[in-house]
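# Fold and geometry: a report
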Amino acid sequence: MDSIDFRSDTVTWPTAEMREAMATAQVGDDVYGEDPTVNALEQLAAAKLGKAAGLFVSSGTQGNLIAALTHTNRGDEIIMGQDAHTFCWEAGGAAVLGGITPLPLPTDAMGRMDLAQIEASIRGDNPHWPRSRLIVTENSAGGNHGAAIPVDYFAAIRQLSDRHQLRVHLDGARLFNATTALAIDPQAIAQQVDSVSICLSKGLCAPAGSVLVGDRDFIHQARRYRKLLGGGMRQAGILAAAGLIALETMSQRLATDHHHAQQLAQGLANIPGVVIDPHRVQTNMVFFTLDDTVPFTAQTLADKVWQTAEIKLGTYGDRKLRAVTHYWIQPAHVEALITAIQSILKAAI
Ligand SMILES: *Cc1c(COP(=O)(O)O)cnc(C)c1O
């Protein structure tokens, strides 16, 4: 990479192996269902997650939106965590384009909604009310330090949603990070939900794309919504070729990123002025805050880190920063970041 970039795992470049595979990929018109590489990717994603079918989509946002549109009708309501990516970071797409009301519920430190609260919020049949239809979950929980939520939560949501005939979608943008941290097969979680979308372009390094999986009928309907949203990409096998490597190879190496995140968290925990709980770092995200002794904002720290060490960091509000580890982050980069923050704060407080 051209710089050391901790802002997100979305910044990852494709690997040399991916670029090679992209250059030589067999392609066809995917809107006709004739791109063999896209078809292979969709089948592989479905198989890995234990679902019948898959759909290659342009982004995680598009995957979640297509899932919401496919599971619901206008006037329905989606229950989701108030920190969920779908609620906070997807431009309200389901409401804007689907006429679907979001019902955001509070979450715990790991991004889990309270089951009793979900149940209490499910509405009966009354013409004044939107119809409860779908529960959206997320794993890893990006808005909650990348927490890896264990399978029992999803099993409980399944039971509850079966009792009330609701559908469940999993925003699994970083599902492989979660299941790597939990040391379980992704199918264990996927089997508890009706649909899953996974991002190929984050820690898995593909240049673009996500896959949505579910049963055959669901994916058949989802394909129509992909077309409606302008997501029919024709010779998309060039992208899917990188996606195949993402799923086959890159999904196997995420423990390395988690190890680097832990290394970073431990290092930051020793720096006066930094507040961080390394126990909350379960996957590849390291959130930390500046305490009151630091006489400047998170953005100023990020600027200084860039000026002194040419390392990029993400900021969230006044005092909070985020560093995300990924394929292009090496242990030496982690050490360089710790050293930079240490010396900047030492000079300031
Ligand atoms: C990144 C992300 C998405 C959306 O993916 P894009 O490809 O950026 O649209 C959805 N959900 C979660 C949890 C994410 O982290």
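Residues numbered from 1 in each chain as written. Predicted model: local features only at pLDDT ≥ 70, side-chain atom pairs only at ≥ 80, totals over all residues. Heavy atoms only, no water.

For the rest of this paragraph, the subject is the sheet that holds strand S2 (residues 53–57). Judged by pairing direction, the sheet is mixed, and its 7 strands sit side by side in the order S2-S8-S7-S6-S5-S3-S4 without closing on themselves. The outermost strands of the open sheet, each flanked by one partner alone, are S2 and strand S4 (101–105). Within the sheet, the average angular offset between the axes of one strand and its neighbour, ignoring direction, is 20°. In terms of strand pairing, S2 meets strand S8 (residues 210–214) through 5 bridges, oriented antiparallel. Looking at S8, one finds that Val57 is bridged to Ser210. Set on the sheet, helix H10 (residues 216–228) makes contact with S2, strand S7 (195–199) and S8; between it and S2 the angle comes to about 20°. (Pairing = 2+ DSSP bridges. Helix = DSSP H or I, 4+ residues; strand = E, 2+ residues; numbered from the N terminus. Axes fitted to C-alpha atoms, helices over the stretch in contact; angles between N-to-C directions. Contact = heavy atoms within 4.5 Å.)

Attention shifts here to the packing of aromatic side chains. Evaluated as defined, the whole model comprises 4 aromatic pairs. Taking 5.0 Å as the distance between ring centres and 85° as the angle between the ring planes, the aromatic pair formed by Tyr327 and Trp328 counts as edge-to-face. Here the aromatic residues Trp13, Tyr327 and Trp328 are joined through ring pairs into a cluster of three or more. (Phe/Tyr/Trp six-rings, centres within 6.5 Å; stacked < 30°, edge-to-face > 60°.)

This part is about the environment of Ala348. Among the secondary structure elements, Ala348 is positioned in helix H14 (residues 331–348). Ala348 sits in the partly exposed class, given a relative accessible area of 28%. It is 7.1 Å that separates the C-alpha atoms of Ala348 and Pro295, two residues lying 53 residues apart in sequence. Those residues in contact with Ala348 that lie beyond four places of it in its chain are Pro295 and Phe296. (Buried < 20%, exposed > 50% of the residue type's maximum accessible area, 1.4 Å probe, protein only.)

This part is about the pattern of salt bridges. Side chains that differ in sign of charge can pair as their charged atoms come close. One pass over the structure, following the stated rule, counts 13 salt bridges. Arg226 is the partner of Asp30 in a salt bridge, and the nearest nitrogen-oxygen pair spans 3.2 Å. Within this pair, whereas Asp30 is found in the loop between helix H1 (16–23) and helix H2 (36–49), its partner Arg226 is found in helix H10, the two being separated by 196 residues in sequence. Here Asp30 and Arg226 have matching classes, each one buried. For the salt bridge of Arg133 with Asp76, the shortest nitrogen-to-oxygen distance reads 2.7 Å. In this pair, Arg133 sits in strand S5 (residues 131–138) while Asp76 sits in strand S3 (residues 76–81), placing the two residues 57 residues apart along the sequence. Taking the relative accessible area as the measure of exposure, Asp76 reaches 0% and is therefore buried. Counted as one network, the salt bridges with shared partners bring together Asp76, Arg131 and Arg133. (Salt bridge = Lys/Arg side-chain N within 4 Å of Asp/Glu carboxyl O.)

The subject of this paragraph is the site of the ligand. The local shell around the ligand consists of Ser59, Gly60, Thr61, Asn64, His85, Glu90, Glu138, Asp171, Ala173, Arg174, Cys199 and Lys202. One of the side-chain nitrogen or oxygen atoms of His85 is found 3.4 Å away from a nitrogen atom of the ligand. A distance of 2.9 Å separates an oxygen atom of the ligand from a polar atom in the side chain of Arg174. For the ligand, the protein covers 84% of the area, taking 380 Å² as the surface of the free molecule. Per-class residue counts for the shell around the ligand are 2 nonpolar, 5 polar and 5 charged. (Near = heavy atom within 4 Å. Polar contact = N/O pair within 3.5 Å; in protein donor to acceptor, adjacent residues only side chain to side chain. Areas by Shrake-Rupley, 256 points an atom, 1.4 Å probe, with all protein chains shown as cover. Nonpolar A, V, L, I, M, F, W, Y, C, P; charged D, E, K, R; others polar.)

Turning to the UniProt feature "domain: Aromatic amino acid beta-eliminating lyase/threonine aldolase" (unreviewed entry) in the protein, a few remarks are in order. According to UniProt, the positions carrying the feature "domain: Aromatic amino acid beta-eliminating lyase/threonine aldolase" (unreviewed entry) are residues 5–288. Strand forms 16% of residues 5–288 and helix 42%; the C-alpha atoms that close the span are 17 Å apart. (UniProt positions renumbered as here; feature names shortened; annotations may be inferred.)

With that settled, consider H14. The first and last C-alpha atoms of H14 sit 26 Å apart over 18 residues, in line with the 26 Å expected at 1.5 Å per residue. Those residues of H14 not exposed but buried are Val334, Leu337, Ile338, Ala340, Ile341, Ile344 and Leu345. Angular distribution of buried residues about the axis of H14 spans 160°; they occupy a single face of the element. Of the residues in H14, the exposed ones pointing more than 90 degrees away from the buried face are Ala332, Lys346 and Ala347. On its buried face, H14 sits against helix H12 (254–269), strand S9 (274–275), strand S10 (285–290), helix H13 (298–309), strand S11 (311–312) and strand S13 (320–324). (Expected span 1.5 Å × (residues − 1). Arc of directions from axis to C-beta.)

A few words now on the sheet that holds S9. With antiparallel pairing, the 4 strands of this open sheet are ordered in space as S9-S10-S13-S12. Only two strands of the sheet have a single neighbouring strand rather than two, namely S9 and strand S12 (314–316). Where S10 lies against S13, 5 bridges are found, and the strand directions are antiparallel. Within S13, the position partnered with Met285 by the bridge is Val324.

The N-to-C vectors of H2 and helix H11 (residues 237–248) enclose an angle of 30°; their axes lie 8 Å apart at closest approach. Considering the angle they form, H2 stands roughly parallel to H11. Our pair here, H2 against H11, has a crossing hand that is left-handed. Residues Thr37, Val38, Ala40, Leu41, Leu44, Ala45 and Lys48 of H2 touch H11, and the partners they reach there are Gly237, Ala240, Ala241, Gly243, Leu244, Leu247 and Glu248. Residue composition of the contact of H2 with H11, by class: 9 nonpolar, 3 polar and 2 charged. (Parallel < 35°, antiparallel > 145°, perpendicular 65-115°, else oblique. Left-handed = near helix turned anticlockwise from the far one by under 90°.)

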